[in-house]
Amino acid sequence: AQSVTQPDIHITVSEGASLELRCNYSYGATPYLFWYVQSPGQGLQLLLKYFSGDTLVQGIKGFEAEFKRSQSSFNLRKPSVHWSDAAEYFCAVGDKNTNAGKSTFGDGTTLTVKP
Amino acid sequence: DTAVSQTPKYLVTQMGNDKSIKCEQNLGHDTMYWYKQDSKKFLKIMFSYNNKELIINETVPNRFSPKSPDKAHLNLHINSLELGDSAVYFCASSPTGLGGAQYFGPGTRLLVL
């Protein structure tokens, strides 16, 4: 069964500093991988996705993520964090083998941005 | 233009009542979902429909019954509401059936008193 682990429950960074949020997955083959962001009181918004090909994927809002098969990781990065990036971040792995589009979500990482 | 919309946004009700949440997507997607997000922000899939057909039915009490009248709508009816049903319920849709990226609605905040 597929699973996702986000080791960091809560991360605090200063505005302007770089950011890396960790995500490890368990899946039998090359997975579909996603990062979502949830601002307070909002629904989840897709930041970026990896299906195949180039292992470094670019997303919206200046985010990028790198797929590393050897480490079963898909870490999210941003070179310079803005106060508006404070939110909950979810990593997810998609199931290629069903017609249901089922994704399994990690437990989320809360990002706090210090002024 | 709202891509995935849910009504109502807030729902406060008494234990034992029956309530419904509606979801509509105008993205032309084939697959729709219901998720429950608890107070710790854990997100758990409840149901998935593909072209009006139930595909995923996770371990959810049968007090919860989804209905998809067409592929643009997926409603959730909850019977005999319990305190533990208090949560945020998200509807989502996906453009492909194979682990496709999902587009979420704004959520319905349900509080059972």
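Residues numbered from 1 in each chain as written. Chains lettered and ligands numbered in written order. Predicted model: local features only at pLDDT ≥ 70, side-chain atom pairs only at ≥ 80, totals over all residues. Heavy atoms only, no water.

So, the nonpolar core
Core analysis: the biggest nonpolar cluster contains 27 residues, and A:Leu19, A:Trp35, A:Leu47, A:Leu48, A:Phe74, A:Leu76 and A:Tyr89 have the highest contact counts within it. Only strand S2 (10-14), strand S3 (19-21), strand S5 (32-38), strand S6 (44-50), strand S8 (64-68), strand S9 (73-78), strand S10 (87-94) and strand S12 (109-114) of chain A provide two or more residues apiece to this core. For this core, the leading source of residues is S10(A), giving four residues. In this structure, A:Phe74 is in contact with A:Cys23, A:Leu33, A:Phe34, A:Trp35, A:Leu48, A:Tyr50, A:Val57, A:Ala65, A:Glu66 and A:Phe67, ignoring residues within four places of it in sequence. In this structure, B:Leu11, B:Phe47, B:Tyr49 and B:Val60 belong to the second largest nonpolar core, which totals 20 residues. (Core = buried A, V, L, I, M, F, W, Y, C linked by side-chain atoms within 4.5 Å. Buried < 20%, exposed > 50% of the residue type's maximum accessible area, 1.4 Å probe, protein only. Helix = DSSP H or I, 4+ residues; strand = E, 2+ residues; numbered from the N terminus. Contact = heavy atoms within 4.5 Å.)

Topic: the pairing of strand S11 (residues 108-112) of chain B
Residue and element names in this part refer to chain B. Counting buried positions along S11 gives four out of five residues, so the element sits mostly inside the fold. Of the strand pairs in this sheet, strand S2 (residues 10-13) and S11 are connected by four bridges, and their pairing is parallel. Paired with Tyr10 across the bridge in S11 is Arg109. Bridge count for strand S9 (residues 87-94) against S11 is three bridges, and the pairing is antiparallel. Bridge assignment links Val88 to a residue of S11, and that residue is Arg109. (Pairing = 2+ DSSP bridges.)

A few points about the layout of surface pockets
To find the voids left in a structure, one rolls a probe of water-molecule size over its atoms. Looking at the largest pocket, its volume works out to about 280 Å³. Listed by contribution, the elements that provide at least two residues to the lining of the largest pocket are S6 of chain A together with strand S10 (103-104) of chain B. The class makeup of the residues in the lining of the largest pocket is nine nonpolar, seven polar and one charged. (1 Å grid on protein atoms, 1.4 Å probe; cavity = no way out; pocket = protein on both sides within 12 Å on 5 of 7 lines; lining within 4 Å. Points joined across faces, edges and corners; volume = space filled by probe spheres on them. Nonpolar A, V, L, I, M, F, W, Y, C, P; charged D, E, K, R; others polar.)

Here we look at the pairing of strand S3 (residues 19-25) of chain B
Residue and element names in this part refer to chain B. Relative to S3, strand S1 (residues 4-7) is paired through four bridges, and the arrangement is antiparallel. Within S3, the position partnered with Ser5 by the bridge is Glu24. Where S3 lies against strand S8 (residues 73-78), four bridges are found, and the strand directions are antiparallel. The residue of S8 that forms the bridge with Ser20 is His77.

A look at the interface of chain A and chain B
Tallying the contact residues gives 24 residues for chain A and 24 residues for chain B. Here chain A and chain B share an interface that buries about 1900 Å² over both sides, 56% of which is from carbon and sulfur atoms. On inspection of chain A and its partner chain B, the count reaches zero salt bridges. Elements represented by at least two residues in the side of chain A that touches chain B include exactly S5, S6, S10 and strand S11 (103-105) of chain A. Among the elements that take part in the side of chain A that touches chain B, S5(A) stands out by supplying four residues, more than any other. Looking at the side of chain A that touches chain B residue by residue, the classes come out as nine nonpolar, nine polar and six charged. (Buried area = accessible area lost by both parts, 1.4 Å probe. Salt bridge = Lys/Arg side-chain N within 4 Å of Asp/Glu carboxyl O.)

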